[in-house]
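Structural description and commentary
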Amino acid sequence: MADGSETVISCRDVWKLFGNHPERYFASIPSGHNFDDIRNDGYIAAVRSASLEISRGEMLVIMGLSGSGKSTLVRCLSRLLEITAGEVIVEGNDLSALSEKELIELRRSKMGMVFQSFGLLPHRTVLNNVAFPLEMRGQDRIERRKRALEMIELVGLTGREDYYPRELSGGQQQRVGIARSLAIEPDIWFLDEPFSALDPLIRREMQDEFLRLQGILGKSIVFITHDFDEALRLADRIAIMKDGLIEQCDKPDQIVLNPATPYVAKFTEEIEKSRVVHVSHLVAEPSGDIAEMEPVSASATVRSLARRLISDASEELPVVDEQGAVIGVLKRQSALELLYGERS
Amino acid sequence: MISAEAVSDHSRPGRICQGQIIILIAIVLALGKFILPESLIRPPNWLVWPFADWINWLFDFIKDDLGFIFVTRAFAAGIEWLLDVTANLLYGRNRWPRLGPLPWTFIAITAAMIGYWLNGWKLALLSGGTFVWIAVMGQWKWAMETLSVIVVAAPIAVLAGLLCGIAAWRHRWVERALNPILNIAQSLPHFAYMIPVVVFIGVGPKSGAIVTIIFAAPPMIRMTLLGLKKVSSEIAESGMMSGANRWQLLWQVRVPSARTEILVGINQVIMQCLAMVVLASFIGMPGLGQKLLQLLQALKIGRSVEIGVSIVLIAIMLDQCSKAWVVKEPKHFEKGVPWHERHRLKLLWAGLSCLAFLAAEFLPLADQIKRTQALTVYKQIDTVVERFIILADPVTQWLRGFLIRNVLIPMRDVYLWLPFTAVLAFVAGIGWVIGSLRSALICLAFVGMIAMTGWWDRAVITTYMVSFAVLVVIAIGLPLGIWASRARARARLVLLICDTAQTFPSFIYLIPVVMLFGVNDVAAIGAVIVFGLVPMTRYTIEGLRSVPPEIDEAADMCGAAFRQKLWKVRFPLALPTIAVGLNQTVLFSLFMVIIAAFIGTQDLGQEMQRALSSTDVGKGLVLGLCVAFIGLLVDHLILTWSARRKVALGIS
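Residues numbered from 1 in each chain as written. Chains lettered and ligands numbered in written order. Predicted model: local features only at pLDDT ≥ 70, side-chain atom pairs only at ≥ 80, totals over all residues. Heavy atoms only, no water.

1. A short note on the overall build of chain A
Counted only if it meets this: Helix numbering and strand numbering both begin at the N terminus, where a helix is a DSSP run of H or I of at least 4 residues and a strand a DSSP run of E of at least 2. Think of it in three bands: with a 1.4 Å probe and only protein chains considered, a residue is buried below 20% of the maximum accessible area for its type, exposed above 50%, and partly exposed in between. Contacts are assigned to residue pairs that have any heavy atoms within 4.5 Å of one another. Only the protein chains shown count as cover for residues, and all accessible areas are computed by the Shrake-Rupley method using a 1.4 Å probe. Positive charge is attributed to Lys and Arg, negative charge to Asp and Glu, and no charge count is given to His or to the chain ends. By convention, the point assigned to a charge is CZ for Arg, NZ for Lys, CD for Glu and CG for Asp.
Along its length, chain A carries 13 helices and 14 strands. By principal-axis analysis of the C-alpha atoms, chain A measures approximately 65 × 60 × 35 Å. Counting every position in chain A, which comprises 344 residues, the buried fraction comes to 52%. At a minimum sequence separation of 6, the contacts of chain A that also span at least 24 residues come to 66%. Approximately 15,900 Å² of chain A is accessible, and the part contributed by carbon and sulfur atoms is 47%. Measuring between centres, the 41 positive side-chain charges of chain A sit 6 Å from its 54 negative side-chain charges.

2. Brief notes about the overall build of chain B
Note the threshold: Put simply, the radius of gyration uses C-alpha atoms, and a globule should come to 2.2 Å times the residue count raised to 0.38.
Each helix and strand in chain B was counted, giving 27 helices and 0 strands. Against the globule reference of 26 Å for 652 residues, chain B gives a C-alpha radius of gyration of 27 Å, in line with a compact fold. When the 652 residues of chain B are sorted by exposure, 53% land in the buried category. Restricting the contact set of chain B to residue pairs at least 6 apart, pairs at least 24 apart contribute 80%. Taken as a whole, chain B presents about 30,100 Å² of accessible surface, with 68% of it coming from carbon and sulfur. In chain B, the 55 positive side-chain charges and the 37 negative ones have mean positions that sit 3 Å from each other.

3. Brief notes about helix H21 (residues 488–503) of chain B
Operational definition: A helix's residues, less one, multiplied by 1.5 Å, set its expected span.
For H21(B), built from 16 residues, the straight-helix expectation of 22 Å at 1.5 Å per residue is met to within 8% by its first-to-last C-alpha distance of 23 Å. By the burial criterion, the buried members of H21(B) are Ala491(B), Val494(B), Leu495(B), Cys498(B), Thr500(B), Ala501(B) and Thr503(B).

4. Overview of the environment of Leu82(B)
All names here are of chain B. With respect to the secondary-structure elements, Leu82 resides in helix H4 (residues 68–91). Classification of Leu82 by relative accessible area gives partly exposed; the value is 33%. Distance from Leu82 to Val132, taken between C-alpha atoms, is 26 Å for residues 50 residues apart in sequence. In this structure Leu82 touches Val152 and Ile156, once residues within four positions along its chain are discounted.

5. Notes on the domain arrangement of chain B
All names here are of chain B. Which entries qualify depends on this criterion: By convention here, the domain bounds are inherited from an automatic or database domain assignment. Summed over both partners, buried area is the accessible surface (1.4 Å probe) that two parts give up on being assembled. The definition of a polar contact used here is a pair of N or O atoms within 3.5 Å, where within protein one atom must be able to donate a hydrogen and the other to accept one, and adjacent residues in sequence count solely through side-chain atom pairs.
Partitioning chain B into structural domains gives domain 1 (1–66 + 418–453) and domain 2 (456–652). With centres defined by C-alpha atoms, the gap from domain 1 to domain 2 works out at 22 Å. Here domain 1 packs against domain 2, burying approximately 2,600 Å² in sum over the two surfaces, 77% of which is carbon and sulfur. Where domain 1 meets domain 2, there are 5 residue pairs in polar contact (both at pLDDT 80 or more). Put simply, the parts of the chain that give the side of domain 1 that touches domain 2 at least two residues each are helix H3 (51–65) and helix H19 (420–453).

6. Looking at the interface of chain B and chain A
We apply this condition: Here, a salt bridge means any side-chain nitrogen of Lys or Arg that lies within 4 Å of a carboxyl oxygen of Asp or Glu. Gly is put with the polar residues, along with every residue not named as nonpolar or charged; the nonpolar set is Ala, Val, Leu, Ile, Met, Phe, Trp, Tyr, Cys and Pro, and the charged set is Asp, Glu, Lys and Arg.
Contacts between chain B and chain A engage 24 residues on the former and 32 residues on the latter. Summing both sides of the interface, chain B and chain A together bury roughly 2,500 Å²; the carbon and sulfur share of this comes to 54%. Inspection of the region where chain B meets chain A yields 5 salt bridges. In this structure, the salt-bridge partner of Glu100(A) is Arg246(B), at a minimum N-O distance of 3.1 Å. Taken together, chain B and chain A are joined by 15 residue pairs in polar contact (both at pLDDT 80 or more). Listed by contribution, the elements that provide at least two residues to the side of chain B that touches chain A are helix H10 (233–241) and helix H11 (246–257) of chain B. Among the elements that make up the side of chain B that touches chain A, the one with the highest residue count is H10(B) (7 residues). A class-by-class count of the residues in the side of chain B that touches chain A yields 8 nonpolar, 9 polar and 7 charged.

7. Comments concerning the packing of aromatic side chains
Residue and element names in this part refer to chain A. We apply this condition: Between the rings of Phe, Tyr and Trp (Trp by its six-membered ring), a pair exists once the centres lie within 6.5 Å; its type follows the angle of the planes, with under 30 degrees stacked, over 60 edge-to-face, and the other angles tilted.
Using the criterion set out here, one finds 32 aromatic pairs over all chains in the structure. Between Phe210 and Phe223, the aromatic rings sit 5.2 Å apart at their centres with planes inclined by 55°, giving tilted as the arrangement. Placement of the pair is Phe210 in helix H8 (residues 200–217) and Phe223 in strand S8 (residues 220–225), with a sequence separation of 13 residues. When its relative accessible area of 0% is taken as the criterion, Phe223 is described as buried. Three or more aromatic residues joined by ring pairs form one cluster here, namely Trp189, Phe195, Phe210 and Phe223.

8. Re the nonpolar core
Threshold: Definition of nonpolar core: a set of buried residues of the types Ala, Val, Leu, Ile, Met, Phe, Trp, Tyr and Cys, connected through side-chain atoms within 4.5 Å.
Grouped together as the largest cluster of nonpolar side chains are 191 residues, with contacts concentrated most on Phe131(B), Met144(B), Met194(B), Phe282(B), Phe507(B) and Leu510(B). When neighbours within four sequence positions are excluded, Met144(B) is seen to be in contact with Leu90(B), Tyr91(B), Ile107(B) and Phe131(B). Ranked by size, the runner-up nonpolar core spans 64 residues in total, among them Val61(A), Met151(A), Ile184(A) and Val264(A).

9. A few points about the side chain of Asp603(B)
Residue and element names in this part refer to chain B. Examined against the element boundaries, Asp603 turns out to sit in the loop between helix H25 (562–595) and helix H26 (604–613). With no salt bridge to any partner, buried Asp603 finds its closest opposite charge in Arg458, at an N-O distance of 6.2 Å. Sequence-distant contacts of Asp603, that is, excluding residues within four places in its chain, are made with Arg458, Ile461, Thr462, Val593 and Ile594.

10. Regarding the pattern of salt bridges
All names here are of chain A. If you walk through the whole model with that rule in mind, you get 41 salt bridges over all chains. The shortest N-O distance in the salt bridge between Arg56 and Glu91 comes to 3.2 Å. Separated by 35 residues along the polypeptide, Arg56 in the loop between strand S2 (44–55) and strand S3 (59–63) and Glu91 in the loop between strand S4 (85–90) and strand S5 (93–94) bring together distant segments of the chain. Look at Arg56 and you get partly exposed, because its relative accessible area is 26%. Residue Glu91 is classed as partly exposed on the basis of its relative accessible area, which comes to 23%. Within the structure, one salt-bridge network assembled from shared partners comprises Arg175, Glu205, Glu209 and Arg212.

11. Focus: the sheet that holds strand S12 (residues 296–297) of chain A
Residues and elements named next belong to chain A. Put simply, the rule reads: A pair of strands is considered paired only if DSSP assigns at least 2 bridges between the two.
With respect to topology, 4 strands assemble into an open sheet ordered S11-S14-S13-S12, the strand pairing being mixed. This sheet does not close on itself; its edge strands, each paired only once, are strand S11 (283–284) and S12. Inspection of the sheet shows S11 paired to strand S14 (residues 326–331) by 2 bridges, in the antiparallel sense. Within S14, the position partnered with Val283 by the bridge is Leu330.

12. A closer look at the domain arrangement of chain A
Residues and elements named next belong to chain A. Assigned domains within chain A: domain 1 (57–74 + 98–272) and domain 2 (275–340). Computed over C-alpha atoms, the centres of domain 1 and domain 2 are 35 Å apart. If you sort the residues of domain 1 by the area they bury against domain 2, Asp253, Leu257 and Glu272 come out on top, with a joint share of 75%. Our enumeration of links across domain 1 and domain 2 arrives at 1 salt bridge. Residue Arg303 is joined to Glu272 by a salt bridge in which the shortest nitrogen-to-oxygen separation is 2.5 Å. Put simply, domain 1 and domain 2 have 5 residue pairs in polar contact (both at pLDDT 80 or more) between them. If you tally residues by element for the side of domain 1 that touches domain 2, the top one is helix H10 (residues 252–257), at 5 residues. In the side of domain 1 that touches domain 2, the residues fall into 5 nonpolar, 1 polar and 2 charged.

See below:
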């Protein structure tokens, strides 16, 4: 999905400190001060020196445990919070330099956000909640209603337009939240732990729904979660945060295969790697003749090949890319090791 | 099991020891009174500052030199115009728009429909029934005089409170500035508000309305601020991300999301309005309150009971309706429900109203019920009361004599005998025990200021009446609360009674005590006790019932018997909550003592009545502040203790 060509959001060296005089403190902060040192000085370093780039159409998942600063970071990217230092560029605009009016204009035209506990307005019906952003930018009634009804249909809530939020289940409420965030046709879509408040079955269903929507819409997405499985399922790239620092930001395969820090390694330990790693990451030079054999796709996960790897005893399998051209081989031994661990 | 004693508090032993030393000094001062110089016994003249004169000077300056009186008069003229409109509609005063009076049947039907819309049949019956009772008993005009003021005052108070609350929420400094003002405002007795209003505006309905607005706004400010603070950050953020600007964010996102607290604030405003409107009879506000005042002073028990029932009914109706509004959630109609179904209630109301107006055209009785046509049961009530009094008289006579001779007068004399320095040292010591230096200084400041006003003796008499009443309240309320909390259904019933009783304007409580004891100190204290009993019982029940069930079960499994469980487990855990109840009891008692002044006491209240009749602002405010200081002192001590205790018990 990511074509890597155009950057939608880029943030460089972003800091967010909470405390009495964060700017003043930031200027005097000794280098090499870690999270705890800063806390001892009476400040919380929610985000430390974060640099990220999100390309058009890409889905970046920011993953971390609670308190790791992921929610703060996404609020810095949407300027719900003012950053302490660094810069955030959204669609070519320096976010901190925008006036209040320009910021509101940007939000009215380019940004949508979904919240963990939905953030629905309790006094408005589903229809009026979804139409709220349109109302804010002054669209007329008929148009607003038409667009809102489209959105409600898109998230599969047709027939519930006149319900109030409290009359809906959690999953349905979040569908309203999603519809609302999409009403203005944003280019950038922020999702702050959108499915964390839902129970596991509904969560799974909503993830599928979300992937379906993204298939249709192709937005640039920043998705926050504390659930590693969810991150692996959805992400083009994953950024893992701890104590305000981005520990690693990479494709899921890379994170699983080459964790950058011990913290990331600990996370990936329990993960079944074969479900994440694609064949393309294991491609090797062929050492024998492979012309006769049935090829495997580079974009398949190793897991999906497990049955064949066990029944087919040949040492190497040819790998083809999307166009069907052979790009190398998959060594049976390395694939089996990934599936079942190294022989002890 | 958590043992309440086991929790450590580092500063505790030292604090208690130092406090005890100060209390010891107080005792020495009291015992050594005979050798003390006069200036340590009663506040010497150099200590008494002429605050009243200063306040009078300040008010004169604001009123005359700054020309503020024109501002207030202009404001009052605006209020008067509104009052004229409601007065014309409700009881036909000859003012614009000259449409009224509306037929009583129409108002009763409207009230019943509102009740039905809010909470179904029962509330419809209550609201409609209240107005039917008032009409049938021939009190229509008085009740409408009272209501016409509430109808004007409550919305203005709500609006003012909402705006102040928003300002306080928006700007931290406004909140900081408002906080102490609100604290004092909520512990100033009703009369203290009336005197400045009389000075600036005069007497009559419009000053009644204005004093009501001023008195009722503070709780609205508090609730608005609380509500806005409680709006979840996600809802605010979702508004921001929807591209709302500040104005849209405030009025379309935050304020509607704070709906519950704001509606609770409106409920409080309405109840405060009613309490004040009834009391405003003291400054010439006509209506039910004035009638009640006159009838009580003339000892016409039957008639005052009739009026009392009306006031109580109005209070319960207003309270129930506004509370039902708090919990009323919007509901959607299924698709395809036809228009007349959606607007069924409105259509029904319109139809019934037309009927009422038609009936009023042809049937005068459906329009207005004159006094001569009204039902009345005052003679029957009087007979019943008389019989009862004949029966009860020996007991009440004896009780009155006994209390006055053997309890009240000795107690008062002891209080008055105490040197003021001993009292100062004593409260400082208590403050030290509870909250070390800070509390000691705060207590000292409050009592010191009372001494400096020169109303020491009066304040001591007020204190003695309140402390006697509170002791009796504890002796009755605590066991009552414990008894009630033993069974769920009983607890609910008693809580319901308490909640209902709490909505009555304090004036009402004077009817039964005047009936039993006549007009004297004992009656005043009786009223204070009845009034103060409500919060004490209520919070005892709530404290005991909110003990976490797992602790209760743990105690059971440790083999605690009922008494053991009550005294060793539940009571210590409930005590911080009960303390809050005690705090309210003290505040309620203070208010009631002051109100009861007009049935004859010699305390601050009596002086306040005098200040009211001579419109002496300075004196009135100084007296009001003395009462407020006593209240704030107790409030500070109890709340500090309760907060510490809650932290220590981990139940904050």
